[in-house]
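Chain and residue survey
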Amino acid sequence: MTSIARRLIEDCMADGAAVDSALARLAVFADESIGAAQLAGIALDLRVSHAPRRRWLEEVATTLSSKAGAFDDVRRTAACVSHDRPDGETATMTVERLARGFDRAAAISPAASVQLSSLGDEDRLAATTAEIASWLERQGFLGAHKHILDIGCGIGRLEHALAPKMGHIVGIDISSKMIAIARRRCAGLATVAFRLTSGVDLTDVAEASFDGALAVDSFPYLMLAGVAERHFGEIARVLRPGGMAAVLNYSYRTSPDADSCDINRLARAFGMAVVVDGEKPFSSWDGRAFLVRRAGGT
């Protein structure tokens, strides 16, 4: 078991993963019988001569040692949501199972339920949220008169951050617990609304009713349920001409090329153009960004 943990740490180091992202991977994939202190020891035992990598390992070990409780909470949060789909499970069954899992995860740690690498820390989550908001603004995605649909809004952290820069933003999610947290977080923001969604499609959203669609870490679960391509087509339908869709993480596959291939194929199929193709623009989160634009507009 320790050899697997060692390999996980080595792989994260080789990938250039941020420390927080590496800890999130360990929380998901390292055997739970290996505690934070033991994982810290494994990191320190990796003797490397390259100074930046040595400092990275030391930071991993220090964080594990100082935040053992938070790491355990992240582990419990991650365990709430299974990324396996049993044979014979329909899309509706998968979505319902995921909704129950996210309800449990949000009850343990709202911050970790939407971003494991936050380690359950609201300040860490806010830093990533601010990075996402800044990136969206640079892409011309935001605007005082724009209406945005956030697919998989979670606990409403982006709604709270983007509300001052938007005309209106609607967050939808399959988790009733997350929607309740989001409503409390954004209480008093007149330009923000939340509602539960089926998670199977967007049939309850009117055609050409939004200037932008946002999906942060939601498409991997749509892929798990087998409804990702359906949602991509639905996004094209609900966007106004010239509207944009920002997909941050299309999947959790290890092949960025596969995600890029899928995004480009779907964009062509639904009359959209790829503007940003799989960039990794964030320093506090390892999300991969895609931006597509519907044809038309000015």
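Summarised in this report is the structure supplied together with it. (Residues numbered from 1 in each chain as written. Predicted model: local features only at pLDDT ≥ 70, side-chain atom pairs only at ≥ 80, totals over all residues. Heavy atoms only, no water.)

1. Some words on the nonpolar core
It is characteristic of soluble globular proteins that their nonpolar side chains tend to be buried jointly. Among the nonpolar cores identified, the biggest contains 31 residues, and Leu-149, Phe-219, Ile-235, Tyr-250 and Met-272 are the most heavily contacted of them. Here this core gets five residues from one element, more than from any other, and that element is helix H12 (residues 228–238). If sequence neighbours within four positions are ignored, Tyr-250 has contacts with Phe-219, Pro-220, Met-223, Ala-228, Glu-229, Asp-259, Asp-262, Ile-263, Leu-266 and Phe-290. (Core = buried A, V, L, I, M, F, W, Y, C linked by side-chain atoms within 4.5 Å. Buried < 20%, exposed > 50% of the residue type's maximum accessible area, 1.4 Å probe, protein only. Helix = DSSP H or I, 4+ residues; strand = E, 2+ residues; numbered from the N terminus. Contact = heavy atoms within 4.5 Å.)

2. Notes on the pairing of strand S3 (residues 192–196)
Examined bridge by bridge, strand S2 (residues 166–173) and S3 share five bridges and lie parallel to one another. Within S3, the residue paired with Ile-172 across the bridge is Arg-195. Viewed along the sheet, the connection from S2 through helix H10 (residues 176–185) into S3 turns out right-handed. (Pairing = 2+ DSSP bridges. Right-handed = clockwise from strand over helix to strand, strands pointing away.)

3. What about helix H5 (residues 68–79)?
Relative to the 16 Å expected for 12 residues at 1.5 Å per residue, H5 spans 17 Å between its end C-alpha atoms, a close match to the ideal helical length. Every buried residue of H5 is listed here: Phe-71, Val-74, Arg-75, Thr-77 and Ala-78. Projected down its long axis, H5 shows its buried positions confined to an angular sector of 165°, all on one face. (Expected span 1.5 Å × (residues − 1). Arc of directions from axis to C-beta.)

4. Describing the sheet that holds strand S1 (residues 143–151)
The strand order across the open sheet formed by seven strands is S3-S2-S1-S4-S5-S7-S6, and the pairing between neighbours is mixed. Strands with a single pairing partner mark the edges of an open sheet, and in this sheet they are S3 and strand S6 (272–279). Averaged over neighbouring strand pairs, the angle between their axes works out to 15° when direction is ignored. Here H12 sits on the sheet and contacts S1, strand S4 (210–216), strand S5 (239–248), S6 and strand S7 (289–294); the angle it forms with S5, its principal contact strand, is near 145°. The strands touched by helix H13 (residues 256–269) within the sheet are S6 and S7, with S6 carrying the most contacts at an inclination of about 170°. (Axes fitted to C-alpha atoms, helices over the stretch in contact; angles between N-to-C directions.)

5. Points about the packing of aromatic side chains
This structure, assessed with the given rule, holds six aromatic pairs. Where Phe-282 meets Trp-285, the ring centres are 5.5 Å apart and the plane angle is 35°; that geometry is what we call tilted. The residues Phe-282 and Trp-285 share a single accessibility class, namely buried. Members of the aromatic cluster, joined through ring pairs, are Phe-102, Tyr-221 and Tyr-252. (Phe/Tyr/Trp six-rings, centres within 6.5 Å; stacked < 30°, edge-to-face > 60°.)

6. Describing the side chain of Asp-259
Turning to its location among the elements, Asp-259 is positioned in helix H13. For Asp-259, a relative accessible area of 4% puts it in the buried group. At 2.6 Å, the side chain of Asp-259 and the side chain of Ser-251 are in polar contact. Sequence-distant contacts of Asp-259, defined by excluding residues within four places in its chain, comprise Tyr-250, Ser-251, Arg-253 and Phe-290. (Polar contact = N/O pair within 3.5 Å; in protein donor to acceptor, adjacent residues only side chain to side chain.)

7. As for the side chain of Arg-157
Assignment of secondary structure puts Arg-157 in helix H9 (residues 157–162). Look at Arg-157: it is buried, it has no salt bridge, and the nearest opposite charge is Asp-217 at 6.0 Å. (Lys, Arg positive; Asp, Glu negative; His and termini not counted. Salt bridge = Lys/Arg side-chain N within 4 Å of Asp/Glu carboxyl O.)

8. Let's talk about the pairing of S5
Walk down a regular strand and you will see the side chains alternate between the two sheet faces. Most of S5 is tucked away: seven of the 10 residues are buried. Strand direction decides the pairing type here: S5 and S7, joined by five bridges, are antiparallel. The residue bridging Ala-245 from the neighbouring strand is Val-292, located in S7.

9. Thoughts on the pattern of salt bridges
Following the criterion strictly, the structure yields 15 salt bridges and no others. One salt bridge in this structure joins Arg-7 and Glu-10, with 3.7 Å as the shortest N-O distance. Separated by three residues within a single helix, Arg-7 and Glu-10 lie in helix H1 (residues 2–15), roughly one turn from each other. Taking the relative accessible area as the measure of exposure, Arg-7 reaches 51% and is therefore exposed. A salt bridge links Glu-122 to Arg-185, with the shortest nitrogen-to-oxygen separation between them at 3.2 Å. Placement of the pair is Glu-122 in helix H8 (residues 122–138) and Arg-185 in helix H10, with a sequence separation of 63 residues.

10. Observations regarding the packing of helix H3 (residues 36–45) against helix H4 (residues 51–66)
Look at H3 against H4: their axes get within 8 Å of each other, and the N-to-C directions meet at 165°. Looking at the two axes, H3 sits roughly antiparallel to H4. By crossing handedness, the relation of H3 to H4 is classed as left-handed. Between H3 and H4, the residues in contact are Ala-36, Leu-39, Ala-40, Ala-43 and Leu-44 and Leu-57, Glu-58, Val-60, Ala-61, Leu-64 and Ser-65, respectively. Residues of the contact of H3 with H4, tallied by class, amount to nine nonpolar, one polar and one charged. (Parallel < 35°, antiparallel > 145°, perpendicular 65-115°, else oblique. Left-handed = near helix turned anticlockwise from the far one by under 90°. Nonpolar A, V, L, I, M, F, W, Y, C, P; charged D, E, K, R; others polar.)

Any link to function would need more than the numbers given here.
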